[in-house]
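# A structural walkthrough
Chain residues, written in single-letter form:
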Amino acid sequence: MPSSGHAPGTVERIVLTVPDPEATIEFLGRGLDMQIIQQDGSWLAVCEGEYGSGRGQGAIELIAGEQLAVERVVLSLPADVDLEELEKHLDARRVSDTALTIVDPATDITVSLELSSTLAVELPSASVIRPRRMGHINLKTPKPTETAAFFTDVLGLRLSEYIGEALFWMRTDTEHHNIALRPGGPRAVHHLGFEVPGWHAYQPILDHLDNQGFKVEYGPGRHRPGRSLFTYVRDPSSGLRIELFADMVHIPDPSTPAIGWEPGDRMTKTLNTWGPLPPDSFLE
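### Details of the side chain of Thr147
Looking at the element boundaries, Thr147 is found in helix α3 (residues 144–154). We classify Thr147 as buried; its relative accessible area is 1%. Among the polar contacts made by the side chain of Thr147, one reaches the side chain of Thr141 at a distance of 2.7 Å. Each residue touching Thr147, except ones within four places of it in the same chain, is listed here: Asp104, Ala106, Thr107, Thr141 and Leu181.

### Some words on the pairing of strand β6 (residues 93–96)
Bridge count for β6 against strand β7 (residues 99–104) is three bridges, and the pairing is antiparallel. Residue pairing in the sheet places Arg93 in a bridge with Thr101 of β7. With antiparallel pairing between neighbouring strands as the criterion, β6 and β7 make up a hairpin whose turn holds two residues.

### So, the packing of aromatic side chains
Ring pairs (aromatic) are described by centroid distance and by the angle formed between their planes. Across all of its chains, the model carries nine aromatic pairs by this definition. Ring geometry for Trp199 versus Tyr202: centroids 5.8 Å apart, planes at 65°, classification edge-to-face. Linked through ring pairs, Tyr218, Phe230, Tyr232 and Phe282 together constitute an aromatic cluster.

### A word on the sheet that holds strand β3 (residues 42–47)
Sheet strands associate in pairs through backbone hydrogen bonding, adopting either a parallel or an antiparallel arrangement. Taken in spatial order, the eight strands of this open sheet run β2-β3-β4-β1-β5-β8-β7-β6, and their pairing is mixed. One side of each edge strand has no neighbouring strand; the edge strands of this open sheet are β2 (35–39) and β6. Taking each pair of neighbouring strands and ignoring which way they run, the sheet shows an average axis angle of 25°. Running at roughly 145° to β7, α3 makes contact with β7 and β8 (109–115) of the sheet.

### Quick look at the pattern of salt bridges
Overall, the coordinates contain 17 salt bridges when judged by the stated rule. For Arg187, the salt bridge identified is with Glu71, shortest N-O distance 2.6 Å. Here Arg187 is found in the loop between β12 (179–183) and β13 (188–195), whereas its partner Glu71 is found in strand β5 (residues 69–77), with 116 residues between them in sequence. The class for Arg187 is partly exposed, based on a relative accessible area of 26%. One salt bridge connects Arg234 with Glu284, and the closest N-O pair in it is separated by 3.9 Å. You can see Arg234 sitting in strand β15 (residues 229–234) and its partner Glu284 sitting in the segment after α5 (265–270), a full 50 residues away along the chain. The network of salt bridges with shared partners includes Arg132, Arg133, Glu175 and Glu195.

### Brief notes about the environment of Ser112
Within the secondary structure, Ser112 is located in strand β8. Sequence-wise, Ser112 and Ile14 are 98 residues apart; in three dimensions their C-alpha atoms are separated by 9.6 Å. Excluding residues within four positions of it along the chain, Ser112 makes contact with Arg72, Val73, Val74, Leu75, Leu100 and Thr101. A polar side-chain atom of Ser112 sits 3.0 Å from a polar atom in the side chain of Arg72.

### Some words on the sheet that holds strand β14 (residues 216–222)
Taken in spatial order, the nine strands of this open sheet run β14-β15-β16-β13-β9-β12-β11-β10-β17, and their pairing is mixed. Single-partner strands in this sheet number two, and they are β14 and β17 (259–261). Adjacent strand axes in the sheet meet at a mean angle of 20° when their direction is disregarded. Across the sheet, α3 is in contact with β9 (133–141), β10 (158–163), β11 (167–171) and β12; its angle to β12 comes to roughly 165°.

### Some remarks on helix α1 (residues 21–32)
A rise of 1.5 Å per residue sets the reference length of α1, with its 12 residues, at 16 Å; its end C-alpha atoms lie 16 Å apart and thus fit the reference within 8%. Considered for burial, the residues of α1 that qualify are Pro21, Thr24, Ile25, Phe27, Leu28, Gly29, Gly31 and Leu32. Count one or two residues on from α1 and you reach Asp33, which has phi positive near 60°.

Rules used in this analysis
- Residues numbered from 1 in each chain as written.
- Predicted model: local features only at pLDDT ≥ 70, side-chain atom pairs only at ≥ 80, totals over all residues.
- Heavy atoms only, no water.
- Helix = DSSP H or I, 4+ residues; strand = E, 2+ residues; numbered from the N terminus.
- Buried < 20%, exposed > 50% of the residue type's maximum accessible area, 1.4 Å probe, protein only.
- Polar contact = N/O pair within 3.5 Å; in protein donor to acceptor, adjacent residues only side chain to side chain.
- Contact = heavy atoms within 4.5 Å.
- Pairing = 2+ DSSP bridges.
- Phe/Tyr/Trp six-rings, centres within 6.5 Å; stacked < 30°, edge-to-face > 60°.
- Axes fitted to C-alpha atoms, helices over the stretch in contact; angles between N-to-C directions.
- Salt bridge = Lys/Arg side-chain N within 4 Å of Asp/Glu carboxyl O.
- Expected span 1.5 Å × (residues − 1).

Encoded structure:
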């Protein structure tokens, strides 16, 4: 199994291509009340960000493309990191005074390591509909064990849980997972996990989604890995799947060993402790 290490920063944002950015922005803005900022050639969907940070999180950046695909995953770095030393250590490419990039060879996904001040976004006004922050990214990869090794051995994330050699959950700090992996094509994403305040938050959000014409794909339920509550909704235009999660477990001790499951445990023991299994669309 991949070894654990010391991760650089937290998940900051993901850059995606979608066939119709304006339609996907309509879903994120009207459906989930994310603040939308239009930039040169791209759109940014903003939520509240890390607690006490004083700024918003520009969680999803969208650009036009033929299909839903991952352009870049961005991990933030602490302000006091030595970028020159990190560049040499990772054999990464320096792209600016505040950022490095490195490519996972198995997925061809570029990971940017950026100082936390690189993309400063104003804190949006409070909303009972908008998720707090993007907490994790669930990627597809044709070689899950190799991509897991890239994130743990190279970038220093810690392995929290895994199922056989197919599904992996990894963390940058104490939250159970910030990057997760499953089998699939290169540059593909299964879902983005956005945190909501707790069980009580689902009722107003899901009622609002229904009023706006958007339906739940799967949930509410509870995953066993991470013990988090979940509900999944999808953008009708691009197929982008958003998980609204709450109550994720934290693992404060970095030496805690990863929890392992057998391949057959996925559908019977781990996916939903409350019982109902997902629709076929979720298992794509």
